[in-house]
Amino acid sequence: MSRDEPSFPAGIGAEDIPGPGGPAVPPSTAEDTTLRGQVLELINDVLSDPDPGGTWARQQLQDRLAAHPDNPERAFLEHLIGTRKPEAGQHTLPAPSGPDSRATPGGLPDAPRSRGAGMTKRIKSVLGSRLLLTAFQPIHELPEGRTVGFEALTRFVTSDGADAETWFREAEAVGLGTELELAALLCAVSAARTVPSHLFVAFNLSPAACTEARVRDVLQGSGLAMDKIVIELRGRADDARLDSVIQSMEPLRQQGLRLAVDGSGPGFMPADRILSLRPDIIKLDRTFIDGIVAGRDHDEPAVIGLAREIGAVLAGEGIETEAELAAVIDAGLTSGQGYLLGRPSVHPLNWSSWVIQPVAAASVDP
């Protein structure tokens, strides 16, 4: 999920914080998207897993549920904290030292108290539905300027001001990255149901999350038309992981789902992997925009030729000035987003205004 803005301050009262993507919805009117419903689905996933190696974890969860029969959220939280241990035969890294130490994927030692406390806070924030929000940022067709879709961005209500990038990075470091991505996706899908059906919605996912059966199930059961869903791959993937992504996403792509990748910036996907994945959209960030505005690339950037070769749409992100917008259009990009075109917002009224304004402007043209 996008990591371009800080989180919301935690000083807001719970009653003032909208639910995922908008106002809180009473459980009776959103049975499948309530916090309890999400937790119960995850509990069912654990208990129905036939893997013999998970026997201990399933027993621990059953014990937690027995201890808290009326509070499955708390039971699942305690289960997650208690099961973050190395699996049998897994190489274990030395326990980290210092208050800011973090475990690394591939070897997860028993969490020291300081890290366990921080992890507990973050898991509670995810499971507490009022602390995880979805913002949308409009995506415009260029050069016409009409809104054609939204990017779903995760926002957290925190006291430390940590941005979404920090949340996802730390969750991954303690082995909870996919769980956090799944929780954010569930919130985003719930909010996306309010988006007009002719617009697409882009969800950010890591390559690891894209290979998760639970993530695919959420997308298929989202109620959104598959040809109105875009998955933006965030983060690096080696050849083996990319092959898994291709295999996992192919059934959904055959139904119309589109994939987007970064073609510039720190997390860009190399050309050979773009050719293997053949994404529908290649996104170009501030690195590309700064280059064309400054005139550093006198020849056509290679990524433009690559997009032409595979038939991908070129989309600019981070457009902040009229000069940048003009340069992006001149470079041949046909889609764009950025603060000039609309800042991310958690308020549905803003989402509506982004769709209405271009239509209203067109209606008064002579």
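Residues numbered from 1 in each chain as written. Predicted model: local features only at pLDDT ≥ 70, side-chain atom pairs only at ≥ 80, totals over all residues. Heavy atoms only, no water.

Draft legend 1. Representation of the overall build of the protein. Summing up its helical and strand segments, the protein has 14 helices and nine strands in all. Residues counted as buried form 47% of the 366 residues belonging to the protein. Put simply, of all contacts in the protein between residues at least 6 apart along the chain, 67% involve residues at least 24 apart. Summing over all exposed atoms, the protein offers an accessible surface of approximately 17,700 Å²; the carbon and sulfur share of this is 53%. (Helix = DSSP H or I, 4+ residues; strand = E, 2+ residues; numbered from the N terminus. Buried < 20%, exposed > 50% of the residue type's maximum accessible area, 1.4 Å probe, protein only. Contact = heavy atoms within 4.5 Å. Areas by Shrake-Rupley, 256 points an atom, 1.4 Å probe, with all protein chains shown as cover.)

Draft legend 2. Quick peek at the nonpolar core. Counting residues in each nonpolar core, the largest one holds 57 residues, and the members touching the most others are F136, F203, I231, L257 and I282. Examining the composition of this core, we find that seven residues originate from one element, helix 6 (residues 177-192), more than from any other. What I282 contacts, discounting residues up to four positions off in sequence, is V261, G263, I274, V303, A307, I310, A312, V313, L314 and A315. W167, A171, L176 and A184 belong to the second largest nonpolar core, which has 13 residues in total. (Core = buried A, V, L, I, M, F, W, Y, C linked by side-chain atoms within 4.5 Å.)

Draft legend 3. Inspection of the packing of aromatic side chains at higher detail. Applying the stated criterion across every chain yields a total of three aromatic pairs. Ring centres of F136 and W351 lie 4.6 Å apart, and the angle between their planes is 75°; on these two criteria the pair is classed as edge-to-face. Here W351 lies in helix 14 (residues 348-363) and F136 lies in strand 2 (residues 132-141), a separation of 215 residues in the sequence. Residue class for F136 comes out buried when judged on its relative accessible area of 0%. Here the aromatic residues F136, F150, W351 and W354 are joined through ring pairs into a cluster of three or more. Taking NZ or CZ as reference, R236 lies 4.9 Å from the ring centre of F268, over its face. (Phe/Tyr/Trp six-rings, centres within 6.5 Å; stacked < 30°, edge-to-face > 60°. Lys NZ or Arg CZ within 6 Å of the ring centre and 35° of its normal.)

Draft legend 4. Examining the pattern of salt bridges more closely. A full pass over the atoms with the stated rule returns 14 salt bridges. We note a salt bridge from E151 to K283, for which the minimum N-O separation is 3.5 Å. Separated by 132 residues along the polypeptide, E151 in strand 3 (residues 147-158) and K283 in strand 7 (residues 281-284) bring together distant segments of the chain. With respect to burial, E151 and K283 carry one shared label: buried. Overlapping salt bridges, with partners in common, bring together E151, E232, R234, D262, K283 and E317 in one network. (Salt bridge = Lys/Arg side-chain N within 4 Å of Asp/Glu carboxyl O.)

Draft legend 5. Up close: the side chain of E151. The class for E151 is buried, based on a relative accessible area of 1%. Here K283 takes part through its side chain, which lies 3.5 Å from a polar atom of the side chain of E151. (Polar contact = N/O pair within 3.5 Å; in protein donor to acceptor, adjacent residues only side chain to side chain.)

Draft legend 6. Layout of helix 11 (residues 286-294). Along helix 11, the residues classified as buried are F288, I289, G291 and I292. Each buried residue of helix 11 lies within a common arc of 160° when the element is viewed along its axis, so the set occupies one face. Buried-residue contacts for helix 11 involve strand 7, helix 12 (302-310), strand 8 (313-317) and helix 13 (322-330). At the exit of helix 11 stands G295, carrying a positive phi of roughly 75°. (Arc of directions from axis to C-beta.)

Draft legend 7. Region of interest: the confidence of the model for the protein. Per-residue confidence for the protein averages 76 on the pLDDT scale, and 67% of its residues sit at or above 70. Under a pLDDT of 50 for its full length, residues 83-112 has, in the predicted model, 49 contacts with residues more than four places off or in other chains. Counting interchain partners and residues more than four positions distant, the pLDDT-below-50 stretch residues 359-366 has zero contacts. (pLDDT = per-residue confidence, 0-100.)

Draft legend 8. Looking closely at unusual backbone geometry. Of note, the bond from L142 into P143 is cis; its omega dihedral lies within 30 degrees of zero at 5°. Mapping P143 onto the fold places it in the loop between strand 2 and strand 3. The backbone phi angle of R278 is positive, close to 50°, even though this residue is not glycine. Mapped onto the fold, R278 is located in the loop between helix 10 (271-277) and strand 7.

Draft legend 9. A look at the packing of helix 8 (residues 213-220) against helix 9 (residues 239-254). Interhelical geometry of helix 8 versus helix 9 gives an angle of 10° and a closest axis separation of 11 Å. Of the possible angle classes, the one that applies to helix 8 and helix 9 is roughly parallel. Contact residues: helix 8 offers R216, L219 and Q220, while helix 9 offers S248, M249 and L252. By residue class, the composition of the contact of helix 8 with helix 9 is three nonpolar, two polar and one charged. (Axes fitted to C-alpha atoms, helices over the stretch in contact; angles between N-to-C directions. Parallel < 35°, antiparallel > 145°, perpendicular 65-115°, else oblique. Nonpolar A, V, L, I, M, F, W, Y, C, P; charged D, E, K, R; others polar.)

Draft legend 10. Broad picture of empty space enclosed by the protein. One pass over the structure, following the stated rule, counts two cavities of 30 Å³ or more. Of the pockets and cavities examined, the largest cavity occupies roughly 80 Å³. Taken together, L233, G235, R236, A237, L242, V261, D262, G267, F268, M269, P270 and R273 make up the full set of residues lining the largest cavity. Split into classes, the residues belonging to the lining of the largest cavity amount to seven nonpolar, two polar and three charged. (1 Å grid on protein atoms, 1.4 Å probe; cavity = no way out; pocket = protein on both sides within 12 Å on 5 of 7 lines; lining within 4 Å. Points joined across faces, edges and corners; volume = space filled by probe spheres on them.)

Draft legend 11. Just the pairing of strand 5 (residues 229-233), in detail. A large share of strand 5 lies buried, amounting to five of its five residues. As defined by bridge partners, strand 4 (residues 200-205) adjoins strand 5 across five bridges and the pair is classed as parallel. The residue of strand 5 that forms the bridge with N204 is E232. Two elements, strand 5 and strand 6 (residues 258-262), share three bridges in a ladder whose sense is parallel. Counterpart to I231 in the pairing with strand 6 is L259. (Pairing = 2+ DSSP bridges.)

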